[in-house]
Amino acid sequence: MSAEEKILVVDDDAEQCDTLSEVLAPFGKTVVAYDGSSAIEIAKKEVPALVVSDLVLPGKIDGLALLRWFNQNIPDASIILITGYATVETALSAMKSGAYDYLTKPVDIRRLRALAQKALERYRISADRRRLLGAIKGETSLGKMVGTSNAMRDVFEKIESVARMDSTVLITGESGTGKELVAEAIHELSGRKGNLVKLNCSAIPENLLESELFGYEKGAFTGAVRRKPGKFELANGGTLFLDEIGDMPLSLQAKVLRTIETGEVEPLGATATKKVDVRIVAATNKNLEKLMADGKFREDLYYRLMVFPIRIPPLREHPEDIPILVSHFLKQLSEKLGRNILGVSEEVMDFLIKYRWPGNVRQLRNALEEMAILSKGEILDKLPTSIANIEEKTVFQSAVDEVKPIEELEREAIMSALERTGGNKTKAAKLLGIGVRTLYRKLEKFSKES
């Protein structure tokens, strides 16, 4: 136990105070007060982690009033109330007001010790979470991203450097690292008045992608009963985020390059071009240089996009960010699920930090949500079923840290996931923290390479 943690015992019976202090001494430094006013004055100086107070106290401040003061001024402190009037109304009133628990006189010493231990554990986790969230509000976040590592600070600095420019940006990184969040942060900091428009190049069939990008005029083709603006037009004055740019068909790359260079779009069926003011941010998890060498990506488009590159590191390269990410996601989950989730146990956190996370931050978030749904308590102490039985060597790294090419590691992770799910691709994709479409593309690629 930290030497900073203090336990405040409040009772107008000096003998009772001495007894409770002796029982609680092994858990921390105990201080006593004999009425509510004195307890508040002591609390302002000592800041207790745990308060054990009689419900009935002399003066204007009784146990419930004391409880309300702590809720407003030292909300992390856990309050255990003791009453000699064991009525349901008294107990409910105390619990509804935020008491950790209550005990009836004569006090069951064994139960008091058990409650004190659990209450102090709750305090520690709550205090750690508050500290982390306080850090997030400082210099460890940008947009929806959080991190304290040098790797993430470098990403934040690059975003802030390029945001106000109109330069094209190419974001690279594995699936689940947060490339879309980087694009959102760039747009939010850019000052551009138009919208951020997103398009996933891999999610739309090749024969429809052109009309999605450039739009079409009425009568341009069968079924074109009205004019439809494309993504470039919709992003006029703002930012167009082209996700999975490496999957864009070669035949369409030339037209996209022309629009980037001229600032003009030509909808399908149009007789004239339209001027647009669009800032391009693209992203990919593929090696564009290899695609260029294979003749699958235009060199001129590549260099147009590479004006300002930003690489998002995989989670395994900055595991020191996992605690702050866990705290960040648990806050979101608490709001989403309508529960008070304080944190994870030390054993679970140790596993999360050591795990290799093939699905990166997205997989971490999904794993925490699974844990939160299955767990009933404030502290998540069971590993999610999606990763609990996976050994280190089956994910991205062999047991002896054998260095392998990224594509080989990716193949191993996918094959392992399929094996664990009995070939169910939907479950395997969820396990890996990637989309089903992405999984199918990778399997098709593996098949061609075999």
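Residues numbered from 1 in each chain as written. Predicted model: local features only at pLDDT ≥ 70, side-chain atom pairs only at ≥ 80, totals over all residues. Heavy atoms only, no water.

Below, the discussion takes up the pairing of strand 2 (residues 29–33). Bridge count for strand 1 (residues 6–10) against strand 2 is five bridges, and the pairing is parallel. Looking at the pairing, Val10 lines up with Ala33 of strand 2. In this fold, strand 1 hands off to helix 1 (residues 14–24), which returns the chain to strand 2; that crossover is right-handed. (Pairing = 2+ DSSP bridges. Helix = DSSP H or I, 4+ residues; strand = E, 2+ residues; numbered from the N terminus. Right-handed = clockwise from strand over helix to strand, strands pointing away.)

Further remarks concern a negative patch on the surface. A grouping of Asp12, Asp13, Glu15, Asp18 and Glu22 is seen on the molecular surface, where their side chains present a negatively charged patch. Along the polypeptide, Glu22 turns up in helix 1. Looking at Glu22, the relative accessible area reads 63%, which means it is exposed. (Patch = residues over 30% accessible without salt bridge, like charges linked within 9 Å, V, L, I, M, F, W, Y side chains within 5 Å. Areas by Shrake-Rupley, 256 points an atom, 1.4 Å probe, with all protein chains shown as cover. Salt bridge = Lys/Arg side-chain N within 4 Å of Asp/Glu carboxyl O. Lys, Arg positive; Asp, Glu negative; His and termini not counted. Charge placed at Lys NZ, Arg CZ, Asp CG, Glu CD. Buried < 20%, exposed > 50% of the residue type's maximum accessible area, 1.4 Å probe, protein only.)

This next bit is on the sheet that holds strand 5 (residues 101–104). Strand order across the open sheet formed by five strands is 2-1-3-4-5, with parallel pairing between neighbours. Here the strands that pair on one side only, and so sit at the sheet edges, are strand 2 and strand 5. In this sheet, neighbouring strand axes are inclined to one another by 20° on average, regardless of whether the strands run parallel or antiparallel. Across the sheet, helix 1 touches strand 1, strand 2, strand 3 (50–54) and strand 4 (78–83), and the angle it forms with strand 1 is around 160°. Each of strand 1 and strand 2 is contacted by helix 2 (residues 36–46), which is oriented at about 150° to strand 2, the strand it contacts most. (Axes fitted to C-alpha atoms, helices over the stretch in contact; angles between N-to-C directions. Contact = heavy atoms within 4.5 Å.)

Attention shifts here to the nonpolar core. In terms of nonpolar packing, the biggest core is built from 29 residues, with Leu213, Leu242 and Ile245 touching the most fellow members. For this core, the elements supplying multiple residues, two or more each, are strand 9 (196–200), helix 8 (206–214), strand 12 (239–243), helix 10 (250–262), strand 15 (279–284), helix 11 (288–293) and helix 12 (299–305). The leading source of residues in this core is helix 10, at four residues. The contacts of Leu213, once residues within four sequence positions are left out, are Leu199, Gly230, Lys231, Phe232, Leu240, Leu242, Met248, Leu252 and Val256. Among the nonpolar cores identified, the runner-up in size contains 24 residues, and Ile324, Val348, Leu368 and Ala372 belong to it. (Core = buried A, V, L, I, M, F, W, Y, C linked by side-chain atoms within 4.5 Å.)

Once that is clear, we can look at the pairing of strand 15. For a regular strand, side chains alternate in direction, first toward one face of the sheet and then toward the other. Judged by how many residues are buried, strand 15 sits mostly within the fold: six of six residues are covered. Neither face of strand 15 is left uncovered, since the one carrying Arg279, Val281 and Ala283 and the one carrying Ile280, Ala282 and Thr284 both have all their residues buried. Here strand 12 pairs with strand 15 via four bridges, running parallel. Bridge pairing in strand 15 links Leu242 to Ala282.

Taking 1.5 Å per residue, twelve residues should reach 16 Å; helix 7 (residues 179–190) reaches 17 Å between its end C-alpha atoms and fits that length. For helix 7, every residue scored as buried is listed here: Lys179, Val182, Ala183, Glu184, Ala185, Ile186, His187 and Ser190. At the exit of helix 7 stands Gly191, carrying a positive phi of roughly 80°. (Expected span 1.5 Å × (residues − 1).)

Here we come to the pattern of salt bridges. Oppositely charged side chains can pair when the atoms bearing their charge come close. A complete count under the given rule lists 24 salt bridges for this structure. Across the pair Lys286 and Asp247 runs a salt bridge whose closest N-O atoms are separated by 2.4 Å. Highlighted residues: Lys286 in the loop between strand 15 and helix 11 and Asp247 in the loop between strand 12 and helix 10, separated in sequence by 39 residues. Classification of Asp247 as buried rests on a relative accessible area of 17%. A single network of salt bridges, built from pairs that share partners, joins Lys144, Glu180, Glu184 and Lys198.

Turning our eyes to something else, we now look at the packing of helix 13 (residues 322–337) against helix 14 (residues 346–354). Where helix 13 meets helix 14, the axes come as close as 10 Å, and the angle between the chain directions of the two elements is 120°. In terms of crossing hand, the pair formed by helix 13 and helix 14 is right-handed. Residues Ile322, Pro323 and Val326 of helix 13 pack against Met349, Leu352 and Ile353 of helix 14. Considered class by class, the residues forming the contact of helix 13 with helix 14 number six nonpolar, no polar and no charged. (Left-handed = near helix turned anticlockwise from the far one by under 90°. Nonpolar A, V, L, I, M, F, W, Y, C, P; charged D, E, K, R; others polar.)

Among the secondary structure elements, Ser175 is positioned in the loop between strand 8 (169–172) and helix 7. Judged by relative accessible area, which is 12%, Ser175 ranks as buried. There is a polar contact of 2.9 Å between the side chain of Ser175 and the side chain of Asn285. With residues near it in sequence (within four places) discarded, Ser175 still touches Asn285, Pro358, Gly359, Asn360, Arg362, Ile434 and Thr438. (Polar contact = N/O pair within 3.5 Å; in protein donor to acceptor, adjacent residues only side chain to side chain.)

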